[in-house]
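A look at the structure
This is what each chain is made of:
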Amino acid sequence: MGNAQLPIGIFDSGVGGLTVYRALHNRLPNEHFVYLGDTARVPYGTKSLATVERYALENSQFLASRGIKMLVVACNTASALALPAIRERIGLDVAGVIGPGGRKAVEMTRDKESPRIGVIATEATVASDAYLEAIRRASESAEVLQAGCPLFVPLAEENWTREPETFSIAAKYLEGMKQFAPDVLVLGCTHYPILRDVIQQTVGENVKLVDSGEATADE
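Just so we're clear, the structure is a prediction, and the values are computed from it rather than from any experiment.

Focus on the overall build of the protein chain
The helix and strand tally for the protein chain stands at eleven helices and eight strands. Since a compact globule built from 219 residues should have a radius of gyration of about 17 Å, the 17 Å found for the protein chain is in line with a globular shape. Classification of the 219 residues of the protein chain by burial places 52% in the buried group. When contacts within the protein chain are restricted to residue pairs at least 6 apart in sequence, those whose partners lie at least 24 apart make up 73%. Within the structure as shown, the protein chain displays about 10,000 Å² of accessible surface, and the carbon and sulfur contribution to it stands at 49%. The positive charge centre, built from 21 side chains, and the negative charge centre, built from 27, are 2 Å apart in the protein chain.

As for the packing of aromatic side chains
Counted under the stated rule, the structure contains four aromatic pairs. With a centroid separation of 5.4 Å and 80 degrees between ring planes, the pair formed by F152 and Y173 is classed as edge-to-face. Here F152, found in helix α7 (residues 152-157), pairs with Y173, found in helix α8 (residues 164-173); they are 21 residues apart in sequence, far enough to count as distant. The cationic tip of R116 hangs over the ring face of F180; the distance from NZ or CZ to the ring centre is 4.2 Å.

Quick notes on the side chain of S60
Position of S60 among the secondary structure elements: in helix α2 (residues 49-64). On the basis of relative accessible area, S60 is assigned to the buried category, the value being 0%. With near-sequence residues (within four places) excluded, S60 lies in contact with F11, L71, I86 and I90.

Some remarks on the sheet that holds strand β5 (residues 116-121)
Strands sit in the order β6-β5-β7-β8 across an open sheet of four strands; the sheet is parallel. Each edge of the open sheet is held by one strand with a lone partner, namely β6 (143-148) and β8 (208-211). Ignoring strand direction, the axes of neighbouring strands in this sheet form an average angle of 25 degrees. In the sheet, β5 pairs with β6 via six bridges, with the strands oriented parallel. Bridge pairing in β6 places I120 opposite A147.

With respect to the packing of α2 against helix α3 (residues 76-90)
It is at 9 Å that the axes of α2 and α3 come closest, and there the two elements cross at 50 degrees. Compared by their axis directions, α2 and α3 come out oblique. When the axes of α2 and α3 are compared, the crossing they make is right-handed. Contacts between α2 and α3 pair L49, V52, E53, A56, L57, S60, Q61 and A64 from the former with T77, A78, L81, A82, A85, I86, R89 and I90 from the latter. Per-class residue counts for the contact of α2 with α3 are eleven nonpolar, three polar and two charged.

Calculation notes
- Residues numbered from 1 in each chain as written.
- Predicted model: local features only at pLDDT ≥ 70, side-chain atom pairs only at ≥ 80, totals over all residues.
- Heavy atoms only, no water.
- Helix = DSSP H or I, 4+ residues; strand = E, 2+ residues; numbered from the N terminus.
- Rg over C-alpha atoms; globule rule 2.2 N^0.38 Å.
- Buried < 20%, exposed > 50% of the residue type's maximum accessible area, 1.4 Å probe, protein only.
- Contact = heavy atoms within 4.5 Å.
- Areas by Shrake-Rupley, 256 points an atom, 1.4 Å probe, with all protein chains shown as cover.
- Lys, Arg positive; Asp, Glu negative; His and termini not counted.
- Charge placed at Lys NZ, Arg CZ, Asp CG, Glu CD.
- Phe/Tyr/Trp six-rings, centres within 6.5 Å; stacked < 30°, edge-to-face > 60°.
- Lys NZ or Arg CZ within 6 Å of the ring centre and 35° of its normal.
- Pairing = 2+ DSSP bridges.
- Axes fitted to C-alpha atoms, helices over the stretch in contact; angles between N-to-C directions.
- Parallel < 35°, antiparallel > 145°, perpendicular 65-115°, else oblique.
- Left-handed = near helix turned anticlockwise from the far one by under 90°.
- Nonpolar A, V, L, I, M, F, W, Y, C, P; charged D, E, K, R; others polar.

Below is the structure:
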């Protein structure tokens, strides 16, 4: 096959990356894709840098062995902690989700002079400050508040999108975010769009939500 006919590889820690696959397929309907969801080792967001990097490299090498032409790291935690190591190891074009998500957030803010942007993500992604740095590269004046929401991943994996417990957990996680009152809230984990309705109802309809997977597909 010619290089143009080779598939695009995508990996995530579980089913959350299917939100990225869907966005890519909608925008690139003539492309072929190979998807790897590492459900045996989900979640990544509570694990160490060394562990996440090792998992990400194993996933990347597996997909590279399938004859892909480029790789999309759908997992935000892996994008935050392992992109340089992946690029060095597999020798293919590699796209992460954090840079596009940060740029899209700045683009969508109402106040371009002093944008207020919230980020919700796994504990590891928040600790890395990867989104903070991506947003600041796009807008030095941006005010950014980050919040870790680790239980959102297992809730999404179980497809608990309407249960009272999910709304209760969202209210607890997002209490400080509501007080911050951002223009835009970045869903900084590919699992979080599965809980989009819960998150939107919790933070209010006036807050615009940024799906980092959709932003990556657009770019």
